Amino acid sequence: MARVAVPIFPGTNSEDETLRALVAVGLEAELVHWSRGARALRAFDAFVLPGGFAYEDRVRAGAVAAHDELTDAVIEAAQAGKFVVGICNGAQILVEAGLVPGTSGVRRPTAAFTPNSSGRFLCMHVYVRLNIDPARLPVVGALSPGAVIPMWLSHGEGRLQAAPDELARLESGGYIAFTYCDANGAGVPAPNGSALNCAALTNAEGNVIAIMPHPERDAWRFMQSESDGTASPSADAQEILRPSGGIAFFEAFARALNARPVPAR
Amino acid sequence: MAEKTFAIALTIPDNEAFTARETLRRIGIAVEDVRRSDIWTFTVDDANAAGLRSTIETIETIFNPNKHQLEERAGARPQRGEVWIEPREETRMSSVGGRTIAGVHAIRRRTAWRLVDADGNDVPVTELDRAVETFLCNPAFQKAIR
């Protein structure tokens, strides 16, 4: 079975729910504390960098973690074609590490998730839509074309910014993996002012994805209780513990990962 | 109308600068000390310019006399050995910490970095450039001023 690492940097705070979502879709997943060093990561087949505030967002969100020893191993894995997912702060780290969009080389970022246009931290329920052909995005390639997934947006810095020519390249090259939409998949303005309505970026190979909203925070019905009123805290316990929409992201990741041959160890 | 620039730096240990130093060393830049300041530039009416410093000293969201030092700069340019990092987007604020300041029309914030070697000198310009290009500045949304 494929093994997934969930690396933890000082300041990461979404590792438990990320791990639960991975385990819920049948993956063997493990938290890897930064003190274990890069060598500990090399035995894994895929990586999911969770949200939080790695290194307290010092210097810039994701900038310090992007240069961490743990990230050396993640970069090495991504370059070898392994699947890498970054969620929220994990996404910021992947962008700062130059893995996405990856148009200028390692640790040479050409894009950034920057402070929201409102200047405020946003926490709200959102929907995102797969913006490219699933075949262009092997990391979650089992999703249906145009798949709509509910998630929780929870960040102060999720607005994609890049130079105009780079944005044009990202749009034409299929790097904008998910965009913000409504429950029916119709586009809506990005709540954070993100360029190209971008909720997630990928790389040229589609094995790395950096997604700003949190699918793991909409993985069970009780997590939706404030968003659509269909699963109130007083509802039947079995009902609110059922998987909800965000789990689709992890199911697609698991299917794609399990479809790959597991390398001999 | 006048433009007044102030640098606010911690007098207690600066954890962010310490973390930056560790990362710069990991990149291979020989740096003994990293000094960081917040640079605030105010566009202010002439009539309010003289009293601006004492007003800033009362805004505890940016200046706490128990842990900060406040230095008025001669102009809105980095000193020798410094690099300032600022957003590419023009982001002029009209308030600080939710507080407007009498006579102030625009406020701009930047971060100043100074890298010092083991002899107490500024690191060579080539090393400062390398620090900027590899770590201190993300050119996708920031620019460096030297």
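Before reading on, note that the structure itself is shown above.
Starting afresh in each chain, residues are numbered from 1 along the sequence in its written order. Note on labels: chains are lettered from A, ligands numbered from 1, in written order. Confidence filtering applies because this is a predicted model: local features only for residues at pLDDT of at least 70, side-chain atom pairs given and counted only at 80 or more, and all residues used for totals across whole chains, interfaces and linings. Only hydrogens and water are set aside when side-chain values are computed; all heavy atoms of the structure are taken into account.

A. Highlighting the overall build of chain B. A run of H or I in DSSP becomes a helix once it reaches four residues, and a run of E becomes a strand once it reaches two; helices and strands are each numbered from the N terminus. Along its length, chain B carries four helices and six strands. Over its C-alpha atoms chain B spans a radius of gyration of 16 Å, differing by no more than 12% from the 15 Å that the globule rule assigns to 146 residues. In terms of overall dimensions, chain B has a C-alpha envelope of 50 × 35 × 25 Å along the principal axes. Partly exposed describes any residue whose relative accessible area lies between the buried limit of under 20% and the exposed limit of over 50%, with all areas from a 1.4 Å probe on protein chains only and scaled to the type maximum. The 146 residues of chain B split such that 47% are buried. With C-alpha atoms as the basis for the radius of gyration, the globule rule is written as 2.2 Å multiplied by the number of residues raised to the power 0.38.

B. Summary view of the pairing of strand S7 (residues 148-155) of chain A. Residue and element names in this part refer to chain A. In terms of burial, S7 is largely enclosed, as seven of its eight residues are buried. Strand pairing requires that DSSP identify at least two bridges connecting the strands. Summarising the sheet, strand S6 (residues 122-130) and S7 pair through eight bridges and their orientation is antiparallel. Paired with His125 across the bridge in S7 is Trp152.

C. Representation of helix H5 (residues 164-172) of chain A in the model. All names here are of chain A. Among all positions of H5, only Glu166, Leu167 and Leu170 are buried. Taken end-on, H5 shows its buried residues confined to a sector of 100°, consistent with a single buried face. Turned more than 90 degrees off the buried face of H5, the exposed positions are Pro164, Asp165, Glu171 and Ser172. Note on definitions: a residue-residue contact is assigned when non-hydrogen atoms from the two residues lie within 4.5 Å. Those residues of H5 that are buried are in contact with strand S8 (159-162), strand S9 (176-181) and strand S10 (198-202). Two residues or fewer after H5 comes Gly174, characterised by a positive phi angle close to 75°. As used here, the arc is the angular range of directions from the helix axis to the C-beta atoms.

D. Fine view of the sheet that holds strand S4 (residues 82-87) of chain B. All names here are of chain B. The antiparallel open sheet is built from six strands, whose spatial order is S3-S1-S2-S5-S4-S6. The strands lining the two open edges of the sheet, one partner per strand, are strand S3 (68-73) and strand S6 (142-145). In this sheet, neighbouring strand axes are inclined to one another by 30° on average, regardless of whether the strands run parallel or antiparallel. Relative to S3, strand S1 (residues 2-10) runs antiparallel, the two sharing six bridges. Opposite Ala9, over in S3, you have Gln69 as the bridge partner. Lines fitted to C-alpha atoms define the axes here, with helix axes fitted over just the stretch in contact, and angles between the N-to-C directions of these axes take values from 0 to 180 degrees. The sheet contacts of helix H4 (residues 125-136) involve S4, strand S5 (104-116) and S6, and relative to S4 the element is tilted by about 25°.

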